[in-house]
There are 2 protein chains.
Amino acid sequence: MAELKRIQTPAELDDIDRILLAQLQADARMTNSRLAQAAGIAESTCVVRVRSLVSRGIITRFTADVNPKALGLGLQALISVNIRPGARTQIPAFREEIRVMPRVVQVFFLGGAEDFIIHLLAEDSDDVRDFVVENLSANPAVASTRTSMVFEHHYNGPGVG
Amino acid sequence: MAELKRIQTPAELDDIDRILLAQLQADARMTNSRLAQAAGIAESTCVVRVRSLVSRGIITRFTADVNPKALGLGLQALISVNIRPGARTQIPAFREEIRVMPRVVQVFFLGGAEDFIIHLLAEDSDDVRDFVVENLSANPAVASTRTSMVFEHHYNGPGVG
DNA sequence: GATGAAAGCGCTCGCCG
DNA sequence: CGGCGAGCGCTTTCATC
């Protein structure tokens with residue numbers, strides 16, 4: 001029986017691809033020449049391979065990690081949300097709404113006790129409460145929320161290993 | 001009464017800093033010259049300002065976002081962990097341990113019903129179970145865990161706005 | 001702190017082994 | 001895929017304001 005085609009390719013990465021990914025994860029602004037050197041390939045080859053990683057959707061973007069505290073957002077919260085059983089059809093619309101709300105760093109859509117979890121940045125606790133009241137509790141589709149304060153957050157990113 | 005000094009500075013960002021942050025968040029591999037152009041400043045100034053953003057800890061790193069599916073990690077889980085009341089002193093050691101475990105994308109340390117939440121990448125559900133059994137349940141400090149499957153995950157990053 | 005000019009270096013591209 | 005070379009664009013430093 002033939003293998004099913006997946007929408008998102010499982011991806012074929014050789015050792016050099018893995019080196020490139022690891023290097024670029026550690027420093028996305030590394031020059032192409034140093035990258036090539038680290039991978040042990042020619043610069044011309046390196047350009048092609050990096051472009052290939054991007055076009056194959058393996059690298060989704062190059063980004064700068066910004067310290068939230070530097071933006072005056074010293075508080076973080078995790079907010080669990082449950083949707084009313086009768087309002088489950090509204091989940092797709094709701095999730096798009098939430099995703100683009102300011103200070104929403106990330107959103108998890110879950111199977112399990114909670115329907116989703118929102119990771120929020122805030123200046124202070126009033127800020128968190130305002131978010132919950134205005135953006136969540138006010139929505140008739142929302143059955144309940146539960147807010148936990150985040151004392152510490154570590155983001156590693158997907159390890160290439 | 002004088003303001004208390006904070007370890008992490010609340011940061012002073014002008015409009016140009018905000019443009020640089022937004023641009024670099026969107027594309028960390030953007031050239032300095034185009035960055036300068038976008039911000040309306042001289043290239044030489046731009047280099048200095050970007051370096052300053054990094055040295056002030058406002059930009060913590062430049063990184064490449066890698067698609068987990070491309071690495072063959074098509075499954076994601078969120079694992080809530082509670083520590084035994086008697087083992088709370090071991091939390092600092094435990095959290096370091098967890099943070100560097102393979103496939104742990106991020107860890108939240110919480111105040112509230114759960115002690116922390118682990119965001120895990122996995123190949124399949126066996127993989128998730130193995131992680132929980134070997135790395136969590138086996139640890140005497142762990143009182144209980146609860147695993148939720150992640151159907152969808154959106155990461156925005158801290159918005160500069 | 002910002003600027004422009006100039007020197008040096010890095011990047012890209014096509015072509016060929 | 002790697003190497004080479006030409007051409008161009010980019011980065012960095014420094015004197016200057």
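Here is what the cut-offs are and how they apply
- Residues numbered from 1 in each chain as written.
- Chains lettered and ligands numbered in written order.
- Predicted model: local features only at pLDDT ≥ 70, side-chain atom pairs only at ≥ 80, totals over all residues.
- Heavy atoms only, no water.
- Domains from an automatic or database assignment.
- Near = heavy atom within 4 Å.
- Polar contact = N/O pair within 3.5 Å; in protein donor to acceptor, adjacent residues only side chain to side chain.
- Helix = DSSP H or I, 4+ residues; strand = E, 2+ residues; numbered from the N terminus.
- Contact = heavy atoms within 4.5 Å.
- Buried area = accessible area lost by both parts, 1.4 Å probe.
- Salt bridge = Lys/Arg side-chain N within 4 Å of Asp/Glu carboxyl O.
- Axes fitted to C-alpha atoms, helices over the stretch in contact; angles between N-to-C directions.
- Parallel < 35°, antiparallel > 145°, perpendicular 65-115°, else oblique.
- Nonpolar A, V, L, I, M, F, W, Y, C, P; charged D, E, K, R; others polar.
- Buried < 20%, exposed > 50% of the residue type's maximum accessible area, 1.4 Å probe, protein only.

(A) Spotlight on the domain arrangement of chain A. Splitting chain A by domain gives domain 1 (15-55) and domain 2 (68-150). Taking only C-alpha atoms, the centre of domain 1 of chain A and the centre of domain 2 of chain A are 37 Å apart.

(B) Quick peek at the protein's contact with DNA strand D. For DNA strand D, the full set of nearby residues is A:Ile41, A:Ala42, A:Ser44, A:Thr45, A:Arg49, B:Thr31, B:Asn32, B:Ser33, B:Glu43, B:Ser44, B:Val47 and B:Arg51. Within 4 Å of the protein, the contacting atoms of DNA strand D are drawn from sugar and phosphate to the extent of 67%. One of the backbone nitrogen or oxygen atoms of B:Asn32 is found 2.8 Å away from a phosphate oxygen of DNA strand D. Contact distances for DNA strand D include 2.7 Å between a phosphate oxygen and a backbone N or O atom of B:Ser33. Counting residues per element, the ones that place at least two in the surface near DNA strand D are α3 (43-55) of chain A together with α2 (32-39) and α3 (43-55) of chain B. When residues in the surface near DNA strand D are grouped by element, the largest group, four residues, is from α3(B).

(C) Quick look at the interface of chain A and chain B. The partner chain B presents 61 residues to the 62 residues of chain A that form the contact. Taken together, the two surfaces of chain A and chain B that pack against each other cover about 5,800 Å², and 53% of this comes from carbon and sulfur. Looking at the side of chain A facing chain B, the largest losses of area belong to A:Arg29, A:Asp65 and A:His154, adding up to 12% of the total buried there. Linking chain A to chain B there are six salt bridges.

(D) Highlighting the packing of helix α1 (residues 15-26) of chain A against α3(A). All names here are of chain A. Two elements in contact, α1 and α3, have axes whose closest approach is 11 Å; the angle formed by their N-to-C orientations is 80 degrees. Here α1 is positioned roughly perpendicular relative to α3, judged by the angle of their axes. Here Ile16, Asp17, Leu20, Leu21 and Leu24 of α1 come into contact with α3, specifically with Cys46, Arg49, Val50 and Leu53. Residues belonging to the contact of α1 with α3 are distributed by class as follows: seven nonpolar, no polar and two charged.

(E) Seen up close, the pattern of salt bridges. Inspection of the entire model under this criterion finds 24 salt bridges over all chains. One salt bridge connects A:Asp115 with A:Arg88, and the closest N-O pair in it is separated by 2.5 Å. One end of the pair, A:Asp115, is in the loop between β3 (104-111) and β4 (116-122); the other, A:Arg88, is in the loop between β2 (75-83) and α4 (91-99), with 27 residues separating them in the sequence. Residue B:Arg103 is joined to B:Asp127 by a salt bridge in which the shortest nitrogen-to-oxygen separation is 2.3 Å. Residue B:Arg103 is found in the loop between α4 (91-99) and β3 (104-111), and its partner B:Asp127 is found in helix α5 (residues 125-137); the two are separated by 24 residues along the sequence. Judged by its relative accessible area of 31%, B:Arg103 is partly exposed. Each of A:Asp14, A:Asp17, A:Arg49 and A:Arg56 takes part in one network of salt bridges that share partners.

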